[in-house]
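# Fold and contact review
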Amino acid sequence: MRLPETRDVFVRELTFPTTIDAVIETLGDEQLKAPNGESETIAEVLEHCEQETFRSADELYNELLTFVGEGFIGRKYYDDRGTQTTEDEEVSF
Amino acid sequence: MAVALLAGVPGVGLSSMAEQTRRDLDDDYLLINFGDAMLEQAATQGLAASRSELASLSRVETRRLQRRAGEYVADKAESNKVLLTTHLAVRTDSGFLPGLPDAVFHDVDPDLFVLVEASPDTILSRRATADRDYDDVSRHAIEFEQDLNRTAAFEYAVEADAPVQLVENEDDVDVAATALTDVLRTGL
């Protein structure tokens, strides 16, 4: 699943506040699809997380985003649809 | 399938209500937070890694992220009844921006708008005791933002030929969530 779909799964499968152990036990095998590289499981992502408890789905989502691998984090201003001229960019002729 | 757009000012309790409502609905439904989708896109493009950083992006960057997030929602709505939590008026460092610029609006193509509201005093009280940090704003500023939401909701509703529903979250979140569930079961 893509990262934004995790909220729906968190809400259905977990009761907040929850612990990192409960998240990994319940959803650890779920695959997160990386836009630019290798997918990771929720357990693999949270392996680096030191937070023990999560008060809300927001907090858990933020932690996931903090610890996902390079396949989820792109280069600044890179757009896979190619260069787009925007209204706050200067254009030279 | 269909999209119900759920909106309310920060602190009104929209997330809690939407999550509780989602648990009461079946597998046809999918809860998506528009900010989650924007944040995924922002991270992918190296623009932001947290919600607070989203508010500091330029208008052009914000619009691009909104567009990508809108396409994602449209894709998901092909096979799900999407409950989309979002802000109809987005507070940024440049001022309030429309939550659904034209291209995003047409991609998302909502079938129902639900405004979740409470009195400004209730919202201020919830913000004061919340875990997350909120900007220090006045009662008047909250009224203003709720007015912006109403105006935006009705303008979008006219364009989409879709109804607007009001759900009040003044006291008990369970009661409000039940009301929201009823609205969604009837309206989607």
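Going by the annotation in an unreviewed UniProt entry, the name recorded for chain B is Adenylate kinase, with Halobellus clavatus given as the source organism.

Going by the annotation in an unreviewed UniProt entry, the name recorded for chain A is DUF2795 domain-containing protein, with Halobellus clavatus given as the source organism.

Time to look at the overall build of chain A. In terms of regular secondary structure, chain A is built from four helices and four strands. Starting at the N terminus and walking to the C terminus, you meet the elements of chain A as α-β-α-β-β-α-β-α. Here chain A holds 93 residues, and 26% of them are scored as buried. A sequence separation of at least 24 residues applies to 54% of the contacts in chain A between residues at least 6 apart.

Turning next to the packing of helix H6 (residues 120-129) of chain B against helix H7 (residues 139-160) of chain B. Residue and element names in this part refer to chain B. For the pair H6 and H7, the least separation of the axes is 9 Å and the interaxial angle reads 110 degrees. What the angle tells us is that H6 and H7 run roughly perpendicular. The two elements H6 and H7 meet at a crossing, and its hand is right-handed. Seen from H6, the contacting residues are Pro120, Asp121, Ile123 and Leu124; seen from H7, they are Arg139, Ile142 and Glu143. Across the contact of H6 with H7, the residue classes break down as four nonpolar, no polar and three charged.

With that settled, consider the confidence of the model for chain B. Per-residue confidence for chain B gives a mean pLDDT of 92; residues scoring 70 or more make up 100%. Reported confidences for the modelled complex are a pTM of 0.88 and an ipTM of 0.87.

The interface of chain A with chain B comprises 26 residues on the first partner and 23 residues on the second. Going through the elements one at a time, helix H1 (6-13) and helix H4 (57-67) of chain A are the ones with two or more residues in the side of chain A that touches chain B. For the side of chain A that touches chain B, the element with the most residues is H4 of chain A, which contributes five residues. Its residues placed into classes, the side of chain A that touches chain B shows 11 nonpolar, four polar and 11 charged.

Moving on, we come to helix H8 (residues 173-187) of chain B. Residues and elements named next belong to chain B. In a regular helix each residue adds 1.5 Å, so 15 residues correspond to 21 Å; H8 covers 21 Å between its end C-alpha atoms and thus fits that length. The complete set of buried residues in H8 reads Ala176, Ala177, Leu180 and Leu184. Seen end-on, H8 carries its buried residues on one side only, within an arc spanning 100 degrees. With respect to the buried face of H8, the exposed residues turned more than 90 degrees away are Asp174 and Thr186. Residues of H8 that are buried in the fold lie against strand S1 (2-7), helix H1 (14-24), strand S3 (81-86), strand S6 (112-117) and strand S7 (164-168).

Turning next to the confidence of the model for chain A. Residues and elements named next belong to chain A. Here chain A averages 83 in pLDDT, and 80% of its residues register 70 or above. Across chain A, the secondary-structure element scoring lowest on mean pLDDT is H4, at 90, and the one scoring highest is helix H2 (residues 20-27), at 97. Below a pLDDT of 50 lies the segment residues 82-93, which in the model reaches six contacts outside its immediate sequence neighbourhood of four places, other chains included.

Bringing the nonpolar core into the picture now. Residue and element names in this part refer to chain B. Ala4, Leu6, Val73, Leu83, Leu84 and Val114 are the most contacted members of the largest nonpolar core, which totals 68 residues. Sort the elements by how many residues they give to this core and helix H2 (residues 34-44) lands first, with six residues. Dropping the residues within four chain positions of it, Val73 is found in contact with Val3, Ile32, Ala37, Val82, Leu84 and Val108.

Cut-offs applied
- Residues numbered from 1 in each chain as written.
- Chains lettered and ligands numbered in written order.
- Predicted model: local features only at pLDDT ≥ 70, side-chain atom pairs only at ≥ 80, totals over all residues.
- Helix = DSSP H or I, 4+ residues; strand = E, 2+ residues; numbered from the N terminus.
- Buried ≥ 20, exposed ≤ 12 C-beta atoms within 10 Å, placed from the backbone.
- Contact = placed C-beta atoms within 7 Å.
- Axes fitted to C-alpha atoms, helices over the stretch in contact; angles between N-to-C directions.
- Parallel < 35°, antiparallel > 145°, perpendicular 65-115°, else oblique.
- Left-handed = near helix turned anticlockwise from the far one by under 90°.
- Nonpolar A, V, L, I, M, F, W, Y, C, P; charged D, E, K, R; others polar.
- pLDDT = per-residue confidence, 0-100.
- Expected span 1.5 Å × (residues − 1).
- Arc of directions from axis to C-beta.
- Core = buried A, V, L, I, M, F, W, Y, C linked by C-beta atoms within 7 Å.

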